[in-house]
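# Descriptive analysis of the structure
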Amino acid sequence: MPHKLTGWASLADTFRWPGPTTGQFITAALGVTPPFVDGQPLPGFSALLKNDDGTWTAMPDNGYGSKGNSGDFVVGFYNVNIDFRTAANGTTVPGTIKVSSHVNFNDANGFLKDGKGVDLKITADYANYQTVSGNNLVDSGKPVDARIVSGRLLTGFDLDVESIARAKDGTWFVGEEFGPYILHFDKNGTLMGDPVPHPFLRSPSNPLVMNDGATATSLSSRGFESLAFNGDSSRPYAVPEAAPSLASLRPVADDERYLNFFEFDPASMLYTGKNPVYKKDGPAKDNQIVIGDMTNVGGNKFVLIERDSLYGSKAVVKRLYMVDLDVKDADGVLKKTLLVDLLNISDPTDIGGPLASVVAGKFSMPFDSIESVEVVDDNTLAVAIDTNFPTEDGRVPGKPDDTEVITIRFDQALFKRVASKT
């Protein structure tokens, strides 16, 4: 679709938010030496929502990428202000992102230890942080920070939060990967009930797999990368990164391109069984393309991200597609329309400046985890990245990626979404 870059901003990889010491279970990379004493890095945005007051809700994932290395990373969301660079100035310096507050996800009401539904022994229940070796927990010998214990703050050992959707009442539904689960938090980040497990998806980190010997049916880090309400906010759709690892559970058993969107009823806190089928790009076998995020753009129309796991000069697939849940092909698969190749964004006014390996008049997002897409207005989308800090250098070789957010304006109005009114 005809489009152009209209904004660019970033948050430096050196940003730290005050809190428990973290990074105690990762190794040095790209010149960054952990741990991060009394401060928490913000390793990119796995989810981004625009607020009615012009600010943004930005949520990182579980921290450092696995259950075993993220027990000291407190999960939750930030409120941020984004001052986009909107005009050329002869440099490659983007606009700025300022962080104003942080909300910690927590289990203060004790749902995860009440003996009902899904029970999880979380970091706050241990004397020392836990790491993981295979399916076995390993005591690190490092005491859990008292703030995590007293507030029953949730960490990246407990849950891998990847997507967030705001309900009409201002509460939050969150898509998660270790279950995968759907979680419901109040406005202050407190868990409102038990995690809702999927009827058949189980990751290797699911407690039924780790503790009870159940079979994993999805690969690690292939849970609910997206959770997005439809136009009237009556139904959220949970979208995994990829199809189940167990072929018999796939929409097309021998073709990894096909996956389901899973419709969820927030009133009953149950899946409805309505599961539209989507087809990714790439090969039918050993498909490495994943869904990075999805957002509603009005009615039953959604925009989603397809991406590979490559970055820098090796990046190939970073694309935005539009689908309408009411429009399918002859095989019953959702039809999709390519909106923009994020490695080849039109930048006629040179907002991005003279970036290395990017031709004049173009802008590129050469990152592994492009994980947020959000509506700005009827013509404009925002796109943001998860940096996988501190291990990836997609923008500048040898330097950990900053958290980048861009806006792309399309020549015609493609999106119509009602404000949240919360």
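Structure shown above.
Every value quoted in this text rests on a predicted model; they were computed, and no experiment measured them.

Here is a general trend for soluble globular proteins: nonpolar side chains tend to be buried in one another's company. Grouped together as the largest cluster of nonpolar side chains are 34 residues, with contacts concentrated most on Phe105, Leu154, Val161, Ile164, Leu183 and Phe185. At the level of elements, strand S4 (47-50), strand S10 (161-166), strand S11 (172-176) and strand S12 (181-185) are the ones that each hand at least two residues to this core. Here the element with the most residues in this core is S12; it accounts for three residues. With near-sequence residues (within four places) excluded, leucine 154 lies in contact with Phe73, Val74, Val75, Phe105, Asn106, Asp107, Leu112, Ile122, Leu159 and Phe185.

With respect to topology, four strands assemble into an open sheet ordered S10-S11-S12-S13, the strand pairing being antiparallel. Strands at the two margins of the open sheet, each flanked by one partner only, are S10 and strand S13 (196-197). Direction of pairing for S10 relative to S11: antiparallel, over a ladder of five bridges. By the bridge assignment, isoleucine 164 is partnered in S11 with valine 174.

As a further point, take the side chain of asparagine 106. Tracing the sequence through the fold places asparagine 106 in the loop between strand S7 (95-104) and strand S8 (128-133). Here asparagine 104 takes part through its backbone oxygen, which lies 3.3 Å from a polar atom of the side chain of asparagine 106. Setting aside its immediate chain neighbours within four residues, asparagine 106 contacts Gly151, Arg152, Leu153, Leu154, Phe185, Asn188, Gly189, Thr190 and Leu191.

What follows deals with the sheet that holds strand S14 (residues 224-229). Reading across from one edge, S14-S15-S17-S18 is the order of the four strands in this open sheet, with antiparallel pairing throughout. Looking at strand neighbours, the two that pair on one side only are S14 and strand S18 (270-271), the edges of this open sheet.

Now for unusual backbone geometry. Here glycine 179 and proline 180 are connected by a cis peptide whose omega angle stands at -5°. Phi angles above zero are rare outside glycine, and arginine 152 is one such case at about 45°. Tracing the chain through its elements places arginine 152 in the loop between helix H1 (146-151) and S10.

What counts and how
Residues numbered from 1 in each chain as written. Predicted model: local features only at pLDDT ≥ 70, side-chain atom pairs only at ≥ 80, totals over all residues. Heavy atoms only, no water. Core = buried A, V, L, I, M, F, W, Y, C linked by side-chain atoms within 4.5 Å. Buried < 20%, exposed > 50% of the residue type's maximum accessible area, 1.4 Å probe, protein only. Helix = DSSP H or I, 4+ residues; strand = E, 2+ residues; numbered from the N terminus. Contact = heavy atoms within 4.5 Å. Pairing = 2+ DSSP bridges. Polar contact = N/O pair within 3.5 Å; in protein donor to acceptor, adjacent residues only side chain to side chain.

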